[in-house]
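Examination of the molecular architecture
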Amino acid sequence: MTAPGDELPAYEVGPVSAEKMKTMSALMRDANPIHFDPAAVRALGLGDRVVNQGPLNQSYVVTMLTRWAGGADRVRALRLRFLGNVFAGDRLVAGGTVTAVRGDGSGRVADCDVWLRVSGGDPVLSGTATVLLGE
Amino acid sequence: MTAVPDEDELGKLVGTPFPGGTFTFEPWWVRLVNDCALAPASDGAASPVFAFLAATAAMGWSWEQLWAHFGATEADGPMAGETATEIVEPLRVGATYTVSGEIVSAVRKRGARTGVFDLVGYRLDLHDEHGSLAASCTNSIIFPRRSL
C-alpha cells in the first residue's frame, strides 16, 4: 500500500534533443527563437545551446508519475514552479515523494512532492501532484 | 496598451477576460507532442500538460497580444512563474473543448536581487462539448520592469 514517505521511482531523461524542440515549436506555434536558434540564445547570454520548452520539462515529471501510477489519466493535479532552464544535451532526472494518501470523490489519491533537475546539477521544476491510486 | 501600467492600472487588469476559442485534440498532433515529450503514445491527451497546451493555444490571444496588455513585448523577457492544472475528466483524443478564462491577479513586486517585476496570474478553463468543466489551468507570468 502506498504510504506517506514513499519515494517515487526516479525517471532519467536525456540527452535532451534539439530536434524535438524544433518540432515542438511548430506544434505550439511558438515563434520564440531560443527554442531553435542558438544565435538567439547567445544574444541573451545564455550560452550556445537551445532552450527546452517548459511543457516538455513538465511532461518529464508527468511521465515519472505515469510510470509509477499506471497511466497519465491518473495524474489529476499538477502544480509546478519554474526554477531554471533545460538546454539541449542536458541529462535530467525526475522524482518525488508521497506526502499524503487520502480519499476524494474519485477514489484513493496520493499527494506528492515532485521535482525535475539537471543530473548532478540545479533544480528546474519543483511542485506537487495529486495522483489517483489503483490500489 | 503599450506603456508599462502603473500599479493602479495593473490592478484594474484583473478580471480581463480572454477572447477564448476552441481546441480539438487531433490524433496526429497528440501523437507528435507525446513523441517530443518522450511520453508513450498510449497516454493520448490525458497528461495535464495537454490542458496547458490546448488552453494557451485557444485562449484567443497570441503571447505577444497577452504581453501587450501589460505593456510588454517578447524582448522584455517575460518568464513563466508557476503552472497549476486540475483535471476533472481526462482530456480525450478527437474531442473538442471550449476555452475561456481571465486575468486573476496582477501585482507589482520588488526584490532585492530581481528588482521590480509584475506578477500576473491567469486562469483558463476547458469545457467539453456538453459544457462540463474538464480541466482548469492557472498560470503566472513574471514581467521584469527594468525601467522602474
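Residues numbered from 1 in each chain as written. Chains lettered and ligands numbered in written order. Predicted model: local features only at pLDDT ≥ 70, side-chain atom pairs only at ≥ 80, totals over all residues. Heavy atoms only, no water.

Details of the packing of aromatic side chains
Residues and elements named next belong to chain B. Considering all chains together, one arrives at 11 aromatic pairs over all chains under this definition. Their ring planes at 25° and their centres at 5.4 Å tell us that Phe70 and Phe143 sit as a pair that is stacked. One end of the pair, Phe70, is in the loop between helix H4 (63–69) and strand S2 (79–87); the other, Phe143, is in strand S5 (residues 133–144), and 73 residues separate them in sequence. Phe70 sits in the buried class, given a relative accessible area of 1%. The buried category is assigned to Phe143, whose relative accessible area is 1%. (Phe/Tyr/Trp six-rings, centres within 6.5 Å; stacked < 30°, edge-to-face > 60°. Helix = DSSP H or I, 4+ residues; strand = E, 2+ residues; numbered from the N terminus. Buried < 20%, exposed > 50% of the residue type's maximum accessible area, 1.4 Å probe, protein only.)

Thoughts on the interface of chain B and chain A
In this complex, chain B contributes 27 residues to the contact, which on the side of chain A involves 26 residues. With both sides pooled, the region where chain B packs onto chain A buries about 2400 Å², and carbon together with sulfur makes up 64% of that total. The largest contributions to the chain B side of the interface with chain A come from Cys36, Val49 and Thr83 of chain B, which together make up 23% of the buried area. Note that Glu82 of chain B is salt-bridged to Arg79 of chain A, the shortest N-O span being 3.6 Å. At the boundary of chain B and chain A, one finds seven residue pairs in polar contact (both at pLDDT 80 or more). It is S2 of chain B that contributes the most residues to the side of chain B that touches chain A, eight residues altogether. Its residues assigned to classes, the side of chain B that touches chain A comprises 18 nonpolar, four polar and five charged. In the sheet, strand S2 (residues 75–82) of chain A pairs with S2 of chain B via five bridges, with the strands oriented antiparallel. (Contact = heavy atoms within 4.5 Å. Buried area = accessible area lost by both parts, 1.4 Å probe. Salt bridge = Lys/Arg side-chain N within 4 Å of Asp/Glu carboxyl O. Polar contact = N/O pair within 3.5 Å; in protein donor to acceptor, adjacent residues only side chain to side chain. Nonpolar A, V, L, I, M, F, W, Y, C, P; charged D, E, K, R; others polar. Pairing = 2+ DSSP bridges.)

Section: the UniProt feature "domain: MaoC-like" (unreviewed entry) in chain A
In the UniProt entry, the feature "domain: MaoC-like" (unreviewed entry) is given for residues 15–100 of chain A. Annotated as 38% helix and 20% strand, the span residues 15–100 of chain A places its first and last C-alpha atoms 33 Å apart. (UniProt positions renumbered as here; feature names shortened; annotations may be inferred.)

Considering the packing of helix H1 (residues 18–28) of chain A against helix H2 (residues 27–36) of chain B
Following both chains from N to C, one finds H1 of chain A and H2 of chain B inclined at 145°, their axes separated by 9 Å at the closest point. Helix-helix and strand crossings are classified by hand; for H1 of chain A and H2 of chain B the assignment is left-handed. Residues Lys20, Thr23, Met24 and Leu27 of chain A of H1 of chain A pack against Trp28, Trp29, Leu32, Val33, Asp35 and Cys36 of chain B of H2 of chain B. Residue composition of the contact of H1 of chain A with H2 of chain B, by class: seven nonpolar, one polar and two charged. (Axes fitted to C-alpha atoms, helices over the stretch in contact; angles between N-to-C directions. Left-handed = near helix turned anticlockwise from the far one by under 90°.)

Things to note about helix H3 (residues 48–57) of chain B
Within H3 of chain B, nine of the 10 residues are buried, which leaves it mostly tucked inside the rest of the structure. If you check which residues of H3 of chain B are buried, you get Pro48, Val49, Phe50, Ala51, Phe52, Leu53, Ala54, Ala55 and Thr56 of chain B.

Here we look at the environment of Gly71 of chain A
With respect to the helices and strands, Gly71 of chain A occurs in the loop between helix H3 (54–69) and S2. Distance in space between the C-alpha atoms of Gly71 of chain A and Pro55 of chain A is 18 Å, their sequence separation being 16 residues.

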